[in-house]
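Listed here are the chains, written in short residue letters.
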Amino acid sequence: MDLGVISVRYARALLKSATEQKCEQRVYQEMQSLGAAYIQVPQLRTAIDNPMLDKENKFKLLKTAAGGDVSDLTDRFIRLVLEGDREKDIQFMAAAYITLYRKQKNITRGKLITAAPVSPDTEKKMKQMVEGRTQGTVEFQTEIDPDIIGGFILEYDTYRMDASVQSQLRNILTQLKK
């Protein structure tokens, strides 16, 4: 069976259970922690994929990666995944849960890239603008990239607004080459 199909099925079941128990926000945070742990600690995958490591130690590792003091539902979910010998897929299950949760709650991810730090007021205004356009909640993050020289780049959903000096200079160079 396809890895994506399996992951989405597990994630849907987890989201349905979490919604019924009214703990979907907490499980969302735990799945974000679990997904981030796989990215930040590559040795986690090696340990979880190791057939010599017993399931109880894998359980402890996954529970710690999900935030340590996890909800009962996440605890049972990890045990279910381990019992079904699907631990190799748990990173994808966490990612699928995050995607399904965001869709259910109408959450959009947004990113503001600037050459220098911006004030909290500016960040708040940009976030409100994106929320107004998407008619939902926005998980907003800011990045500083001195390579754009000045201006900003705003990204959300499939939208990208590039008002950076770097892109304007690139456009001028393209025009001059013609």
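The structure presented is a predicted model; accordingly, all values stated were derived computationally and were not measured. (Residues numbered from 1 in each chain as written. Predicted model: local features only at pLDDT ≥ 70, side-chain atom pairs only at ≥ 80, totals over all residues. Heavy atoms only, no water.)

> Just to check I follow, could you spell out the nonpolar core for this structure?
Proteins that are soluble and globular tend to have nonpolar side chains buried together. In terms of nonpolar packing, the biggest core is built from 33 residues, with Val-27, Met-31, Leu-34, Leu-62, Phe-77, Ile-90 and Tyr-97 touching the most fellow members. Where this core is concerned, the elements lending two or more residues are helix H1 (3-20), helix H2 (24-40), helix H3 (42-49), helix H4 (55-65), helix H5 (72-83) and helix H6 (90-105). Broken down by element, this core gets its largest block of residues, 7 residues, from H6. If sequence neighbours within four positions are ignored, Leu-34 has contacts with Leu-62, Ala-65, Ala-66, Ile-90 and Ala-94. By size, the runner-up hydrophobic cluster in this structure holds 7 residues, among which are Leu-112, Met-126, Val-130 and Leu-154. (Core = buried A, V, L, I, M, F, W, Y, C linked by side-chain atoms within 4.5 Å. Buried < 20%, exposed > 50% of the residue type's maximum accessible area, 1.4 Å probe, protein only. Helix = DSSP H or I, 4+ residues; strand = E, 2+ residues; numbered from the N terminus. Contact = heavy atoms within 4.5 Å.)

> Could you clarify how one ought to interpret the layout of surface pockets in this entry?
Its boundaries defined by the atoms lining it, the largest pocket holds a volume of some 170 Å³. Met-31, Gln-32, Gly-35, Ala-36, Ile-39, Gln-40, Gln-91, Phe-92, Ala-95 and Ile-98 together form the lining of the largest pocket. In terms of residue count, H2 provides more of the lining of the largest pocket than any other element does, 6 residues in total. (1 Å grid on protein atoms, 1.4 Å probe; cavity = no way out; pocket = protein on both sides within 12 Å on 5 of 7 lines; lining within 4 Å. Points joined across faces, edges and corners; volume = space filled by probe spheres on them.)

> Sorry if this is basic, but what is going on with the pattern of salt bridges here?
Counted by the stated rule, this structure contains 15 salt bridges. Between Glu-56 and Arg-79 there is a salt bridge, with the nearest N and O atoms lying 3.6 Å from each other. Of this pair, Glu-56 sits in helix H4 while Arg-79 sits in helix H5, and the two are 23 residues apart along the sequence. Sharing partners across several salt bridges, the network here consists of Lys-111, Glu-143, Glu-155, Arg-160 and Asp-162. (Salt bridge = Lys/Arg side-chain N within 4 Å of Asp/Glu carboxyl O.)

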